[in-house]
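Coordinate inspection notes
Letter by letter, the chains look like this.
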Amino acid sequence: MTTAQTAPPPPMRLRELVFGAACAAALRAAARLGVADALGDTPTSVDDLAASVKTEPGPLRRLLRALTCYGVFAEREDGTFAHTDMSRLLREDDPHSLRYITLWCTEPWTWDAWPRLDEAVRTGRNVVEGLYGKEFFTYLNEDAPESAEVFNRAMTTSSRQSAQDVAALLDLSGSASVVDIGGGQGHVVASLLEKYPTMHGTLLDLPRVVENADPRLREGGPLADRVRIVPGDCREAVPVRADVYIIKNILEWDDDSTARALRNVIGAGGPGARVVVIENLVDDTPSMRFSTAMDLMLLLNVGGAKHTTDSMVGRLTGAGLVIEDIRPVNPYLHAFDCTVPE
């Protein structure tokens, strides 16, 4: 019976780390095959699982054995496999599903980019443009539409899961209007409009993103009469005036793009406007291994970075904002509550 391993001595731990790609590939394979979706609430034999997901039993058992070493799936003494708390997160129907996050972090472009991390560290620039001859998101949408779809679904999952936490944290009772900048499908603004029945909102994001906005915001939805859906790029312009601007998990580009986005928000809101920036940090989180890995991925694909508290404060004050408060939204996100000075 295979079990999750206790911490090995340093030489073996280093050997395990250099094989990290095998673990990532195994998780991707399990997600693509739908193994977690096929595994029900009772332990199941490899033969039955293989029939459900249309694989050969022998290789499937090897895949499950590898993942069981990391605590993803559990093998019973009779050779059947069962769910763990982690494996359930690979199910598409789990309310906290990380299936699309798993796929996004292991998309084909990542296997091209990771081997060039030394180049990115040497130069401080992304490697994607050198690999594909295009800016990252242009490449995704023009040449890798399946990967772009995975990205959109991963961001939707992440936004949906954190939107309620953001709405619970923010007191907007004195505000009449809110804009969700780069807000994806609009889960945050939808949650805020549900919390404040007289408030009006705007969702601003790229055209290909907002065309798939949350059904609550679209024509016929319960919030449609209190929201505007505006296609656009906040790095180019923010054509909306409001009392409050929410900027969540998008200030991770290169410094110039971040500065332009903040400048446009400040110009649109004017003196007295409230700007709430919500970000994952790499210096105050229980998920440092994940956050620092994402930080390196941002270096590879867009030349960006995850922020420390100090770097975020520096960018916000450098843009001219006054920081009123910094608070945790949940264990993984922090909110920087700012105002545009009078």
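Preceding this paragraph is the structure being described.
Residues numbered from 1 in each chain as written. Predicted model: local features only at pLDDT ≥ 70, side-chain atom pairs only at ≥ 80, totals over all residues. Heavy atoms only, no water.

Considerations on the overall build of the protein
The helix and strand inventory of the protein stands at 17 helices and 9 strands. Considering only C-alpha atoms, the protein reaches an extent of 70 × 50 × 35 Å along its principal axes. Within the protein, the fraction of its 342 residues that count as buried is 48%. Counting contacts in the protein only where the partners sit at least 6 residues apart, residues at least 24 apart contribute 65% of the total. Approximately 16800 Å² of the protein is accessible, and the part contributed by carbon and sulfur atoms is 53%. Of the side chains in the protein, 34 bear a positive and 48 a negative charge, and the two mean positions are spaced by 3 Å. (Helix = DSSP H or I, 4+ residues; strand = E, 2+ residues; numbered from the N terminus. Buried < 20%, exposed > 50% of the residue type's maximum accessible area, 1.4 Å probe, protein only. Contact = heavy atoms within 4.5 Å. Areas by Shrake-Rupley, 256 points an atom, 1.4 Å probe, with all protein chains shown as cover. Lys, Arg positive; Asp, Glu negative; His and termini not counted. Charge placed at Lys NZ, Arg CZ, Asp CG, Glu CD.)

Here's the deal with helix 11 (residues 136-143)
The complete set of buried residues in helix 11 reads F136, Y139 and L140. Projection of helix 11 onto a plane perpendicular to its axis shows the buried side chains occupying an angular sector of 100°, all on one side. Buried residues belonging to helix 11 abut helix 7 (99-104), helix 8 (108-113), helix 10 (128-132), helix 12 (145-169) and helix 16 (288-301). Among the residues of helix 11, the N-terminal cap falls to E135, whose side-chain oxygen and the backbone nitrogen of F137 are separated by 3.2 Å. (Arc of directions from axis to C-beta. Polar contact = N/O pair within 3.5 Å; in protein donor to acceptor, adjacent residues only side chain to side chain.)

What about the layout of surface pockets?
Rolled over the atoms, a probe sized like a water molecule indicates the empty space that remains. By volume, the second largest pocket amounts to about 240 Å³. Along its surface, the second largest pocket is lined by 14 residues, and R32, E107, E146, S147 and V150 are the ones closest to its centre. The element that contributes the greatest number of residues to the lining of the second largest pocket is helix 12, accounting for 5 residues. Looking at the lining of the second largest pocket, its residues break down into 7 nonpolar, 1 polar and 6 charged. (1 Å grid on protein atoms, 1.4 Å probe; cavity = no way out; pocket = protein on both sides within 12 Å on 5 of 7 lines; lining within 4 Å. Points joined across faces, edges and corners; volume = space filled by probe spheres on them. Nonpolar A, V, L, I, M, F, W, Y, C, P; charged D, E, K, R; others polar.)

Overview of the pairing of strand 4 (residues 200-205)
Taking burial as the measure, the 6 residues of strand 4 include 5 buried ones, the bulk of the element. Sheet topology places strand 3 (residues 177-181) next to strand 4; 5 bridges connect them, and they run parallel. Bridging across to strand 4, V179 finds its partner in T202. Once the chain exits strand 3 it traverses helix 13 (residues 187-195) before rejoining the sheet at strand 4, and the crossover so formed is right-handed. Relative to strand 5 (residues 227-231), strand 4 runs parallel, the two being bridged by 5 bridges. Looking at strand 5, one finds that L203 is bridged to I229. (Pairing = 2+ DSSP bridges. Right-handed = clockwise from strand over helix to strand, strands pointing away.)

Remarks on the pattern of salt bridges
Considering all chains together, one arrives at 20 salt bridges under this definition. Residue R260 is joined to E236 by a salt bridge in which the shortest nitrogen-to-oxygen separation is 3.5 Å. Placement of the pair is R260 in helix 15 (residues 255-269) and E236 in the loop between strand 5 and strand 6 (244-248), with a sequence separation of 24 residues. Look at E236 and you get exposed, because its relative accessible area is 57%. The structure contains a network of salt bridges with shared partners spanning R274, D325, R327 and D337. (Salt bridge = Lys/Arg side-chain N within 4 Å of Asp/Glu carboxyl O.)

Some thoughts on a nonpolar patch on the surface
A grouping of L14, L17, V18 and F19 is seen on the molecular surface, where their side chains present a nonpolar patch of about 460 Å² in accessible area. By relative accessible area, which is 59% here, F19 ends up exposed. (Patch = residues over 30% accessible without salt bridge, like charges linked within 9 Å, V, L, I, M, F, W, Y side chains within 5 Å.)

A short note on the nonpolar core
One finds I181, Y245, I247, L251 and V275 to be the most contacted residues of the largest nonpolar core, which totals 28 residues. Of all the secondary structure elements, the ones that give two or more residues to this core are strand 3, strand 6, helix 15, strand 7 (274-279), helix 17 (309-318) and strand 9 (333-339). The element contributing the most residues to this core is helix 15, with 5 residues. Excluding residues within four positions of it along the chain, Y245 makes contact with V179, I181, V238, V240, V265, A268, G269, A273, R274, V275 and V276. Counting residues in hydrophobic clusters, the runner-up holds 27 residues, among them L170, L193, Y196 and L333. (Core = buried A, V, L, I, M, F, W, Y, C linked by side-chain atoms within 4.5 Å.)

Some remarks on the sheet that holds strand 5
In spatial order, the strands read 5-4-3-6-7-9-8; together these 7 strands make up an open sheet with mixed pairing. The open sheet has two edge strands with one neighbour each: strand 5 and strand 8 (322-330). Each strand axis lies, on average, 20° off the axis of its neighbour in the sheet, ignoring direction. (Axes fitted to C-alpha atoms, helices over the stretch in contact; angles between N-to-C directions.)

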